[in-house]
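Per-entry structural report
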Amino acid sequence: MPFDAAPPASGLSAVPSTLRIPLAARAFGDAMFPRMAIGDASAARLLATLEDQAPPLPRDRATVYGVLARTRCFRALARDFLQANPGGHVVNLGCGLSHYFQWLDDGKARMTDADLPEVLAVRRALLADDEPRHEVRPLDLTAPDWWDGLGLPARDGPPVFLFSEGVLMYLEPAQVEAVFATFGERAPAGSVLAFDAMCWLATGRAHRHPSVRPTGAQFRWGLRRPAELARAHPRLRLAGTHEVMAGYGFPLGMLSSAIGAFLGVPMYAVYALHAVG
């Protein structure tokens, strides 16, 4: 497919169309929040292409901050993993048009970007994912064989770092549980699964989110207690919780902390599950 023949992003179904939200935040977020700058080298160009095909996204500051904060968190977790596992494998489950390899390529790391075929049709037309240590694969996280479909190692293989950004909240609770169970059952010891999750209060309330509302997508899963995350398999351990909005400032940052203190779960956070031996 030639570079200028990308399928229109406006033709994506509801959840895949949310890929434009983090792309927009990365394109102009550095100017809005310099101390949170991530330096995405391709986001502005990609967004300009997509906005030729559909109206611009609402540019709400809270969403922009949240995307930058979670990007920095996923990037830091992946770098920590690669430092501990030189030449390790990083897998983005639901990559959209993100380009983490620009930050993670240390000359040895391997990366797989994976998403639904309809998303990859847009991605392959716009992004040159042609580095020998960087591959793109189709993925349906609701399919029971997604681990094998990505060619991931057996339990006695080397550890892998998986992350899923802005994806799990759109799945049904049973589907999220199945993803955790597959990771717990199949992942080599020392592997990491990082993901973002909203508090259960957000479930069914996507119409209140100014950037998600126009897509028609719905939040279907939210966390009630962090302890729930490890119950899918006895090999799972919750190794880290990173609040996303705590640094945003008054009043949202304070509200996030208050919700966490009252309900026992952050309003919105990045979590890291480890697979143990």
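Anyway, here's the lowdown on the structure attached to this text. Source: prediction; values computed, not measured. (Residues numbered from 1 in each chain as written. Predicted model: local features only at pLDDT ≥ 70, side-chain atom pairs only at ≥ 80, totals over all residues. Heavy atoms only, no water.)

**Here we look at the pairing of strand 1 (residues 89-93)**
The following threshold applies: Each residue gets one of three labels from its accessible area relative to the maximum for its type: buried under 20%, exposed over 50%, partly exposed in between, using a 1.4 Å probe on protein chains only. By definition, any uninterrupted DSSP run of H or I lasting at least four residues is a helix, any uninterrupted run of E lasting at least two residues is a strand, and each is numbered from the N terminus. At least two DSSP bridges between two strands are required for those strands to pair.
Among the five residues of strand 1, five are classified as buried, and the element is accordingly described as predominantly covered. As judged from the four bridges shared by strand 1 and strand 4 (residues 160-164), these two strands associate in the parallel manner. The residue of strand 4 that forms the bridge with V90 is F161.

**A few points about helix 6 (residues 117-126)**
Under the convention used in this document: The contact rule is simple, with two residues in contact once any of their heavy atoms fall within 4.5 Å.
Those residues of helix 6 that sit buried are V119, L120, V122, R123, A125 and L126. Elements in contact with the buried residues of helix 6: helix 1 (14-17), helix 3 (43-51), strand 2 (110-115) and strand 3 (134-138).

**What to know about the sheet that holds strand 7 (residues 268-275)**
Definition in use: Helix axes use the C-alpha atoms of the stretch in contact, all axes being lines fitted to C-alpha atoms, and the angles between their N-to-C directions lie in the range 0 to 180 degrees.
Here seven strands make up an open sheet; going across it, the order is 3-2-1-4-5-7-6 and the pairing mixed. The strands lining the two open edges of the sheet, one partner per strand, are strand 3 and strand 6 (236-243). Here the average twist between neighbouring strands, direction ignored, is 20°. Looking at chain direction, strand 5 (residues 192-198) and strand 7 are connected through seven bridges and run antiparallel. What sits directly across from D196, in strand 7, is V270. Running at roughly 145° to strand 3, helix 6 makes contact with strand 2 and strand 3 of the sheet.

**A look at helix 8 (residues 173-186)**
Put simply, the rule reads: Working rule for helices: expected span equals 1.5 Å times residues minus one.
An ideal rise of 1.5 Å per residue puts 20 Å on 14 residues; helix 8 measures up with 20 Å between its terminal C-alpha atoms. Looking at the buried side of helix 8, the elements it contacts are helix 7 (146-149), strand 4, strand 5, strand 6 and strand 7.

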